[in-house]
Amino acid sequence: MNSVNSNIIVVIMESTDADRSLSATWGKMAAEILTGNWDGALEEMQKLRESIDQKSFASPLQQLQQRTWLLHWSLFVFFNHPKGRDCIVDMFLSPQYINTIQTSCPWILRYLTTAVVTNKRRKHQMKELVKIIEQELYEYQDPVTQFIEALFVHFDFEGAQKKLKECEDVLMNDFFLAATQEDFMESARQFISETYCRIHQKIDIKEMSQRLNLSQEEGEKWIVNLIRDTRVDAKIDFEENTVIMNTPITSIYQQVIERTKTLSFRSQVLASTIKRREQNNEVTA
């Protein structure tokens, strides 16, 4: 395999033909993946991304195909490299690649969603992810994206609980995501807890444990740790087995403002979806 890599490097260095150079870079990335050299594979993947962005293709469709292939090949790198879950979010949420996902391979949303959920440093990008998932509901859904929809779009905690059980099986049987299963379940429960606590002022610990798919004893430990780790302003009443949230009630005026923002956003999503369909029809025509 080392001699193969050496030959590919020679082709890349000596060739002035952009197509041959691009093909050779593809080959070198594949070789790095096969040998498990994830640092080298990540480096070649970044070179490929730059080449695809800068190269003049005969048609936009060819560039779209190259980006689509790179999205799929990158899964080998991102879910094996130590910094992969950071890199996948940066790349997949960039304008060129989120457009590629929405146009030609919406199923890649499963991997982007898993990366955002399991990466605590990327929690602030959940809102952006929710918008994209909501836009693509008509095109693609699976238990992972449906969990996000149930929790953050509909605030349906029972639906989120059911989808979380399905996610466990889906992740276990996914080649790329099997190793993320425990992290996903842990982070997903935390998202459910935080969202539930923001909405309710008085929380029954037994009911909350059921929503988290935990026993009552496990649920009590989970909620105590959540309050301690996230510093939520709350207290536990062990006599009534409840959690009391010390959060201010949102005024009716603020509620109207928030609902108006939601309606405005949904209108934008609808307009964007119609526009993208029209563009896709023009490309295929």
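Residues numbered from 1 in each chain as written. Predicted model: local features only at pLDDT ≥ 70, side-chain atom pairs only at ≥ 80, totals over all residues. Heavy atoms only, no water.

Chemist: Explain helix H9 (residues 143–153) to me, using residue names and the numbers behind them.
Modeler: Extensive coverage of H9 is indicated by the burial of eleven of its eleven residues. Burial in H9 covers these residues: Pro 143, Val 144, Thr 145, Gln 146, Phe 147, Ile 148, Glu 149, Ala 150, Leu 151, Phe 152 and Val 153. Among the residues of H9, the N-terminal cap falls to Asp 142, whose side-chain oxygen and the backbone nitrogen of Val 144 are separated by 2.9 Å. Immediately downstream of H9, the backbone of Phe 155 shows phi near 50 degrees, a positive value. (Buried < 20%, exposed > 50% of the residue type's maximum accessible area, 1.4 Å probe, protein only. Helix = DSSP H or I, 4+ residues; strand = E, 2+ residues; numbered from the N terminus. Polar contact = N/O pair within 3.5 Å; in protein donor to acceptor, adjacent residues only side chain to side chain.)

Chemist: Summarise the sheet that holds strand S2 (residues 234–237); cite the residues concerned and give the values.
Modeler: One open sheet accounts for three strands, arranged S1-S3-S2; its pairing is antiparallel. With one partner strand each, in any of the chains shown, strand S1 (202–204) and S2 form the two edges of the open sheet. Between one strand axis and the next, the sheet turns through 20 degrees on average, direction left out of account. Two elements, S1 and strand S3 (residues 242–245), share three bridges in a ladder whose sense is antiparallel. Across the sheet, the residue bridging to Lys 202 is Ile 244, located in S3. (Pairing = 2+ DSSP bridges. Axes fitted to C-alpha atoms, helices over the stretch in contact; angles between N-to-C directions.)

Chemist: I'd like a description of the packing of aromatic side chains, backed by residues and values.
Modeler: Counting across every chain of the model gives ten aromatic pairs. Centre to centre, the rings of Trp 26 and Trp 73 are 6.4 Å apart; their planes meet at 65 degrees, and the pair counts as edge-to-face. In this pair, Trp 26 is assigned in helix H2 (residues 18–34) and Trp 73 in helix H4 (residues 60–78), connecting sequence segments 47 residues apart. Of the residues examined, Trp 26 reaches a relative accessible area of 13% and is grouped as buried. Ring geometry for Phe 78 against Phe 92: centres 5.8 Å apart, planes inclined by 80 degrees, an arrangement best described as edge-to-face. Here Phe 78, found in helix H4, pairs with Phe 92, found in helix H5 (residues 84–92); they are 14 residues apart in sequence, far enough to count as distant. Per residue, the accessibility class of Phe 78 equals that of Phe 92, and both read buried. Within the aromatic cluster, the residues linked to one another by ring pairs are Trp 26, Trp 73, Phe 76, Phe 79, Tyr 111, Phe 175 and Phe 176. (Phe/Tyr/Trp six-rings, centres within 6.5 Å; stacked < 30°, edge-to-face > 60°.)

Chemist: Outline the environment of Met 29, listing residues and values.
Modeler: Secondary-structure assignment places Met 29 in helix H2. Met 29 gets classed as buried once you look at its relative accessible area, which sits at 0%. The spacing of Met 29 and Ser 74 is 45 residues in sequence and 9.6 Å in space, taken between C-alpha atoms.

Chemist: Residues and numbers for the confidence of the model for the chain, please.
Modeler: When pLDDT is averaged across the chain, the result is 83; 80% of the residues are at 70 or more. Here helix H1 (residues 2–14) stands out as the least confident element of the chain, with mean pLDDT 49; helix H7 (residues 109–118) is the most confident, with 96. Segment residues 8–14: pLDDT under 50, and eleven contacts once partners within four positions in sequence are set aside and those in other chains are kept. (pLDDT = per-residue confidence, 0-100. Contact = heavy atoms within 4.5 Å.)

Chemist: Just give me the short version of the pattern of salt bridges, but keep the residues and values in it.
Modeler: In a structure, side chains of opposite charge can pair up when their charged atoms sit close to one another. One pass over the full model with this rule turns up 14 salt bridges. We note a salt bridge from Lys 47 to Glu 43, for which the minimum N-O separation is 3.7 Å. Separated by four residues within a single helix, Lys 47 and Glu 43 lie in helix H3 (residues 38–54), roughly one turn from each other. For Glu 44, the salt bridge identified is with Lys 47, shortest N-O distance 3.5 Å. Highlighted residues: Glu 44 and Lys 47, both in helix H3, separated by three residues, approximately one helical turn. Look at Glu 44 and you get buried, because its relative accessible area is 3%. Under the relative-accessibility criterion, Lys 47 is labelled partly exposed at 38%. Several salt bridges share partner residues, and in doing so they unite Lys 28, Glu 32, Glu 43, Glu 44 and Lys 47 into one network. (Salt bridge = Lys/Arg side-chain N within 4 Å of Asp/Glu carboxyl O.)

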